[in-house]
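Listed below are the residues making up each chain.
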Amino acid sequence: MTNQELWQTVLAQIQFSVSRANFATWFKNTKIYSKKSGEVIIYVENSFSKEWLANKYSSLILKILRSLEKDIKSIKFLVNSEKKPSLNIQVSQKEEKIESPQLILKELTVDQKTNLNPCYTFENFVVGRFNELTQAAAWAISENPGFVYNPLFIYGGVGLGKTHLLQATGNRITKLFPQKKVKYILCERFVSGMVNAIKEHKIANFKKELKEVDVLIMDDVQFFAGKEKSQEEFYHIYNLLHQSQKQIILSSDRSPKSIPALEERLKSRFEGGMIADISIPDYETRIAILKTKCEEKDIELNSEVLEYVSSNIRTNIREMEGALNRLIFFKKINNKNPDLEIAKKLLGNLINIPRKKTTSKKIIQTINEFYDLNKEEILLSTRRKEIVRPRQIAMYLLREELNESFPSIGRKFNGKDHTTAMYSCIKIAKEIKENDELLSEINLIRQKLYSGLIEEK
Ligand code: ADP
Ligand code: MG
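Residues numbered from 1 in each chain as written. Chains lettered and ligands numbered in written order. Predicted model: local features only at pLDDT ≥ 70, side-chain atom pairs only at ≥ 80, totals over all residues. Heavy atoms only, no water.

Enquirer: Would you take a moment to explain the pairing of strand β5 (residues 182-186) for this structure?
Expert: Summarising burial for β5: 4 of the 5 residues are buried, a large majority. Relative to strand β6 (residues 215-219), β5 is paired through 5 bridges, and the arrangement is parallel. Looking at β6, one finds that Leu 186 is bridged to Asp 219. (Buried < 20%, exposed > 50% of the residue type's maximum accessible area, 1.4 Å probe, protein only. Helix = DSSP H or I, 4+ residues; strand = E, 2+ residues; numbered from the N terminus. Pairing = 2+ DSSP bridges.)

Next comes the structure, spelled out in structure tokens:
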């Protein structure tokens, strides 16, 4: 890599860690002045930027530089007194137009009434074995809302296309049936809207809007866990809509059965129509998805780069898209398509996630969050059903992910005997083989366990 490429690579990564405004303010007109015996000197625009960058960003910059070139040991900032515009001035001239890749990607043209983003369509939704049933169900609903499956409950891990599919369905319904009122709402929004409505004594108004729709799409309903009042209000809205054959489409990161602290009556409603899951795309489908995105974003990547991304990012389409955005950013600035070598450098810290970087504390914390348990509950000796199961899974994960010994696992759980730990691990390992739902539940916990690690410094 030339110094210029190296610096553009650093910038491409930094802009994921800082806000757009900060990026434009502090990094415009920066470039590498020299790189000698492990020291990189970076030209900055003025002494104010110099001080700011040195205080706030030097460790981040150094860290990224070192991930790209191991022998870099230190960095220095120098005010650039050159008058002549440098190559990097291109960045500054384009500065107004530099958009964060997410913005380029999906312009935020969300429709105010429906909350739908027209960028999500069936046309740009790639279908493979991992999602074909679910896509077919959603498509069928869009042809005949209210009369096919009601509700349709879609579940699957993070970044696998639930929101895309929900929105695509909503968009298609609005197109085919312009007179129908469609409303997409995030469960989290519903819950916070509810809280505000209660405070301001406006519940009736809040509910009225939802009761009048023909198609209600609610995303991420696992967020209902433990929100009793919201569940109750939603239950009534749900019944009213369902009785008048209005279509309801729901999504969640897990099956209705696995949502903790969800009232039985809602659970059984959610299970009353069609439940369809989205699993993980296989290699070929991942390539197909990347190709579609490349076309959409007008970038050409050679097959080596596509293969590199698809074989290294497997369980999350959103992360694949994040990787692609970095490559696009590189292209935008350097005006050339990144080759494999550049891609490896650009994506290194996305891809080489240290798999075993988790801790027992983190496992227990993740289990607690997943099953909505209080902090220490899982460690106690209670035999309550809603605790026993998560505790067994926690033991299983301690063993699988950290290879902890049975006695040590036992000790963590209120001094339990090692045979208890062993029994739990064997039991879960055996059940996983027969119970796909449990397997996907545990995979989802794993995904949550490791998903935060990218940001962890
Ligand atoms: P989820 O809601 O399941 O967390 P999203 O629907 O937000 O995931 O998907 C994450 C990203 O991946 C989105 O940008 C979406 O467009 C893209 N994506 C997901 N599944 C597909 C697919 N089958 N084809 C094309 N793009 C997809
Ligand atoms: Mg989503």
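Still to come is the rest of the account.
Enquirer: Is there a simple way to think about the environment of Lys 246 in this case?
Expert: Relative to the elements of secondary structure, Lys 246 occurs in the loop between α10 (228-243) and β7 (247-252). As for Lys 246 and Lys 211, which are separated by 35 residues in sequence, their C-alpha atoms are 9.7 Å apart. Dropping the residues within four chain positions of it, Lys 246 is found in contact with Gly 146, Asn 150, Val 213, Asp 214 and Leu 241. Within the structure, the side chain of Lys 246 is placed 3.0 Å from the side chain of Asp 214, a separation counted as a polar contact. (Contact = heavy atoms within 4.5 Å. Polar contact = N/O pair within 3.5 Å; in protein donor to acceptor, adjacent residues only side chain to side chain.)

Enquirer: Can you help me understand the site of ligand 1 in this one?
Expert: Looking at ligand 1, there are 18 residues lining it, with Val 126, Gly 159, Thr 163, His 164 and Glu 321 nearest. Val 126 places a main-chain nitrogen or oxygen 2.8 Å from a nitrogen atom of ligand 1. In the complex, 95% of the free accessible area of ligand 1, which totals 550 Å², lies under the protein chains. Of all the secondary-structure elements, those providing two or more residues to the shell around ligand 1 are α7 (162-176) and α14 (317-334). Tallied by class, residues from the shell around ligand 1 come to 6 nonpolar, 7 polar and 5 charged. Counting the residues that make up the shell around ligand 1, at least three belong to each of domain 2 (132-278) and domain 3 (283-351). (Near = heavy atom within 4 Å. Areas by Shrake-Rupley, 256 points an atom, 1.4 Å probe, with all protein chains shown as cover. Nonpolar A, V, L, I, M, F, W, Y, C, P; charged D, E, K, R; others polar. Domains from an automatic or database assignment.)

Enquirer: Explain the pairing of strand β8 (residues 274-278) here, please?
Expert: Here β8 shows a buried face lined by Met 274, Ala 276 and Ile 278 and an unburied face lined by Ile 275 and Asp 277. Two elements, strand β4 (residues 152-156) and β8, share 5 bridges in a ladder whose sense is parallel. Residue pairing in the sheet places Leu 152 in a bridge with Met 274 of β8.

Enquirer: What is the right way to read the sheet that holds strand β1 (residues 31-36) from this model?
Expert: Strand pairs in the sheet, formed through backbone hydrogen bonds, run parallel or antiparallel to each other. As summarised here, the arrangement of the 3 strands in space is β1-β2-β3, forming an open sheet in which the pairing is mixed. Strands with a single pairing partner mark the edges of an open sheet, and in this sheet they are β1 and β3 (74-79). Ignoring which end each strand starts from, the neighbouring axes of this sheet average 25° apart. Across 6 bridges, strand β2 (residues 39-44) lies against β3 in parallel orientation. The partner of Ile 42 across the bridge, within β3, is Phe 77. Packed on one face of the sheet, helix α1 (residues 3-14) meets β1 and β2 and runs near 120° to β1. The sheet strands contacting helix α3 (residues 47-68) are β2 and β3, and the helix crosses β3 at an angle near 155°. (Axes fitted to C-alpha atoms, helices over the stretch in contact; angles between N-to-C directions.)

Enquirer: What is the right way to look at the packing of aromatic side chains in this model?
Expert: One pass over the full model with this rule turns up 12 aromatic pairs. Look at Phe 234 and Phe 270: their rings are 6.4 Å apart centre to centre, the planes differ by 65°, and that puts the pair in the edge-to-face class. Remark: Phe 270 occurs in helix α11 (residues 264-270) and Phe 234 occurs in helix α10; sequence separation between them is 36 residues. Measuring from ring centre to ring centre gives 4.9 Å for Phe 370 and Tyr 371, while their planes differ by 75°; the resulting arrangement is edge-to-face. Tyr 371 gets classed as buried once you look at its relative accessible area, which sits at 10%. Lying across the ring of Trp 139, Arg 172 places its NZ or CZ 3.5 Å from the centre. The ring of Tyr 235 is capped by Arg 265, whose NZ or CZ atom sits 3.9 Å from the centre of that ring. (Phe/Tyr/Trp six-rings, centres within 6.5 Å; stacked < 30°, edge-to-face > 60°. Lys NZ or Arg CZ within 6 Å of the ring centre and 35° of its normal.)

Enquirer: Help me understand unusual backbone geometry, please; the structure alone is not making it clear to me.
Expert: Most peptide bonds take the trans configuration, and most residues that are not glycine carry a negative phi. Here the residue pair Asn 150 and Pro 151 is connected by a cis peptide bond, since its omega of 0° sits within 30 degrees of zero. In this structure, Pro 151 sits in the loop between α6 (132-143) and β4. Although it is not a glycine, Ser 37 sits at a positive phi angle of roughly 30°. Structurally, the position occupied by Ser 37 is in the loop between β1 and β2. You will see that Asn 414, though not glycine, has its phi angle at about 55°, which is positive. Structurally, the position occupied by Asn 414 is in the loop between α18 (406-412) and α19 (418-434).

Enquirer: In this structure, what is going on with α3? I would like to understand it.
Expert: Quick reminder: α-helices carry 3.6 residues per turn. Residues three or four places apart thus point the same way. Its 22 residues give α3 an end-to-end C-alpha distance of only 27 Å, which falls more than 12% under 32 Å, the value for a rise of 1.5 Å per residue. The largest bend along α3 measures about 70° and falls at Tyr 57. What α3 keeps buried is the set Ser 49, Leu 53, Tyr 57, Leu 60, Ile 61, Ile 64, Leu 65 and Leu 68. (Expected span 1.5 Å × (residues − 1). Bend = angle between axes of the 7 residues up to and from the residue.)

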